[in-house]
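The residues making up each chain are set out below.
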Amino acid sequence: MLEKLKEIKIIAEQKIAEISDIDEVNKLRVRFLGRKGEITRLLRGLKDLSTEERVCVGKAANELKEKLERMISEKAEEIRRQEMAARLSLEKIDVTLPGFPFLGGAKHPLSQVSDEIRDIFIGMGFNVAEGPEIESDYYNFEALNVAKDHPARDMQDSFYIDEDTLLRTHTSPVQIRVMEQMAPQIPVKVIVPGKVYRRDDDATHSPMFNQVEGLLIDRRITFADLKGVLLEFARKIFGQDLKARYRPSFFPFTEPSAEMDISCVSCGGTGCRVCSNSGWLEILGAGMVHPRVLQYGGYDPEKVTGFAFGMGVERIAMLKYGVNDLRQFFDNDWRFLRQF
Ligand code: DAH
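Everything quoted here is computed from the prediction, not taken from an experiment. Numbering of residues begins from 1 in every chain and follows the order in which that chain's sequence is written. Thresholds applied to this predicted model are a pLDDT of at least 70 for local features of residues and 80 or more for the giving and counting of side-chain atom pairs; totals over whole chains, interfaces and linings are not thresholded and use all residues. Only hydrogens and water are removed before side-chain values are computed, so all heavy atoms of the structure are retained for them.

Comments concerning helix α5 (residues 109-123)
This is how it is decided: Elements are defined by DSSP. Helices are runs of H or I of four residues or more, strands are runs of E of two residues or more, and each kind is numbered from the N terminus. An expected span of 1.5 Å times one less than the residue number is assigned to each helix. Here's how the labels work: a residue is buried when its accessible area is under 20% of the maximum for its type, exposed when over 50%, partly exposed in between, all with a 1.4 Å probe on protein chains only. The arc under discussion is defined with respect to the helix axis, by the directions toward the C-beta atoms.
Counted at 1.5 Å a residue, the expected span for α5 with its 15 residues is 21 Å, and the 21 Å between its end C-alpha atoms agrees. Taken together, the buried positions of α5 are Pro-109, Leu-110, Val-113, Ser-114, Ile-117, Ile-120 and Phe-121. The buried residues of α5 all sit within an arc of 140 degrees when viewed along its axis, so they share a single face. Seen from the open side of α5, the exposed residues pointing more than 90 degrees away from its buried face are Asp-119 and Gly-123. Where α5 ends, the next residue or the one after it, Gly-125, has phi of about 95 degrees, a positive value.

Below is the structure:
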């Protein structure tokens, strides 16, 4: 029987050395050490031996069992280590590879210009007011001295929700809303940034666009105040050496009314494509608040006067950045927007 044990030992050692798979390790354990394994089966014959032999063989068998147990465990451990090493080298992460570039966001150019306009007026002591984009005929037209059959309505044809409700065509209705809230307090000194809507659509007009309105009411406000404030504004936006001129114009809510031109930001006034060779660029409409509009707002035109103005943010942005198609601001093409 000792011979048989030696045989088992040689075969087992050889098999253990050969295998490289964790499943085979388990099979070997069953084959040699299991309850029906080779050593157990051999030990069943112990009862036929003499006491002396039994002790001797039993001891050798136990020693072999222990030895094989250890070898198999070590083998299993070795295989696990190899498998782990193989996986690690396969799933290795190269931390020196360059990462994915993340694009930094930025403010939309129209927001930048709008913020800049706002900051300049806040710097001159103006407050910021807002009003609804869905507006009544009363605030959008009537209280601004634009009667139902007034031809000035044609220029601001808009989107009507019903007979008396429309998407506002300008930010001017907020003049009335602010006056209603403030009257009879003075001074009123507000700007009103916001979206407006018109039935327009071409390279320089969009059905939705942004305006900034301005309104200043106080005692003895004159056209000279208007010119001073607007020149200061224009120079802050476009440059200190800029010149301005005012052409007579007409708005039902101001009297007198004017369009403000600035010397061309592209050629400085000598004439070029941007200013159609005139040397001048129109940037906003303005005027002295019409007495009737003051009354609609709750102010006494005998006691106070005021000036108002309105400008298109897109137009200012186009001139400032040399953009020739307004629709680019709304396309949201990254190649365009990233330049700002
Ligand atoms: N609301 C006018 C428009 O959208 C612009 C404007 C002109 C506003 C003169 C004013 C103003 O406050 O005084 O065309």
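Still more ground to cover, so stick around.
Focus on the packing of helix α1 (residues 2-18) against helix α2 (residues 22-33)
Short version of the rule: Between N-to-C directions, angles cover 0 to 180 degrees, with each direction set by a line fitted to C-alpha atoms, over the stretch in contact for helices. Small angles under 35 degrees read as roughly parallel and large ones over 145 as roughly antiparallel, with 65 to 115 read as roughly perpendicular and the rest as oblique. A contact between two residues is defined here by any heavy atoms of the two lying within 4.5 Å.
Where α1 contacts α2, the axes come no closer than 11 Å and their chain directions differ by 175 degrees. Judged on the interaxial angle alone, α2 and α1 are roughly antiparallel. Packed against α1, whose contacting residues are Ile-8, Ile-11, Ala-12, Lys-15 and Ile-16, the element α2 presents Leu-28, Arg-31 and Phe-32 at the interface.

Considerations on a negative patch on the surface
As a reminder of what qualifies: Residues with no salt bridge and a relative accessible area higher than 30% make up the patches, which join like charges within 9 Å and nonpolar side chains (Val, Leu, Ile, Met, Phe, Trp, Tyr) within 5 Å. Accessible surface is estimated by sampling points in the Shrake-Rupley manner with a 1.4 Å probe; for residues, cover comes only from the protein chains shown. The term salt bridge refers to a pairing of a side-chain nitrogen on Lys or Arg with a carboxyl oxygen on Asp or Glu at a separation within 4 Å. When charges are tallied, Lys and Arg are placed among the positive residues and Asp and Glu among the negative ones, while His and the ends of the chain are skipped. For this purpose, a charge sits on NZ of Lys, CZ of Arg, CG of Asp or CD of Glu.
A cluster of acidic side chains, namely Asp-21, Asp-23, Glu-24 and Glu-83, defines a negative patch on the protein surface. One can find Asp-23 in helix α2.

Re a positive patch on the surface
On the surface, Arg-35, Lys-36, Arg-41, Arg-44 and Lys-47 cluster together to form a positively charged patch. Within the secondary structure layout, Arg-44 lies in the loop between α3 (38-43) and α4 (51-90). Note on Arg-44: relative accessible area 49%, which makes it partly exposed.

With respect to the environment of Leu-216
With respect to the helices, strands and loops of the structure, Leu-216 is situated in strand β6 (residues 208-218). With a relative accessible area of 8%, Leu-216 lands in the buried category. In sequence terms Leu-216 and Phe-126 are 90 residues apart; their C-alpha atoms lie 8.5 Å from each other. Not counting residues up to four positions away in its chain, the partners in contact with Leu-216 are Phe-126, Val-188, Lys-189, Ile-221, Thr-305, Gly-306 and Phe-307.

Section: the domain arrangement of the chain
To keep things clear, this is the line we draw: For the domain bounds, the source is a domain assignment made automatically or taken from a database.
Looking at the assigned domains, one finds that the chain contains domain 1 (2-90) and domain 2 (109-337). In this structure, domain 1 and domain 2 have C-alpha centres spaced 96 Å apart.

Let's talk about the pattern of salt bridges
If you walk through the whole model with that rule in mind, you get 17 salt bridges. Between Glu-38 and Arg-31 there is a salt bridge; the shortest N-O distance is 3.2 Å. It is possible to trace a salt-bridge network through shared partners that takes in Arg-245, Arg-247, Asp-261 and Glu-282.

A closer look at the site of the ligand
The test is simple: Definition of nearness: a residue and a molecule or strand are near each other if at least one heavy atom of the residue lies within 4 Å of the molecule or strand. Here a polar contact is taken to be a pair of N or O atoms separated by no more than 3.5 Å, where protein atoms must pair a possible hydrogen donor with a possible acceptor and residues adjacent in sequence count only if both atoms sit in side chains. By the convention adopted, Pro, Cys, Tyr, Trp, Phe, Met, Ile, Leu, Val and Ala count as nonpolar, Lys, Arg, Asp and Glu as charged, and the other residues, Gly among them, as polar.
Surrounding the ligand, one finds 16 residues, the nearest of these being His-170, Ser-172, Arg-198, Gln-211 and Glu-213. A distance of 2.9 Å is found between a nitrogen atom of the ligand and a side-chain nitrogen or oxygen belonging to His-170. A distance of 2.6 Å separates an oxygen atom of the ligand from a polar atom in the side chain of Arg-198. Bound to the protein, the ligand loses 92% of the 360 Å² it would expose on its own. Elements that contribute at least two residues to the shell around the ligand include exactly β6, β9 (280-289) and β10 (305-312). For the shell around the ligand, the per-class residue count stands at five nonpolar, nine polar and two charged.

A look at unusual backbone geometry
Peptide bonds are trans in most cases, and residues, glycine excluded, mostly fall at negative phi. Of the consecutive residues Ala-183 and Pro-184, the connecting peptide bond is found in the cis state with omega at 5 degrees. With respect to the element layout, Pro-184 can be found in the loop between α7 (173-182) and β5 (188-197). Omega for the bond connecting Ile-186 with Pro-187 falls within 30 degrees of zero, at -5 degrees, which places this linkage in the cis form. Among the secondary structure elements, Pro-187 is positioned in the loop between α7 and β5. One non-glycine residue with positive phi stands out, namely Ser-276, at about 50 degrees. Here Ser-276 is to be found in the loop between β8 (254-263) and β9. For Ser-276, a relative accessible area of 61% puts it in the exposed group.

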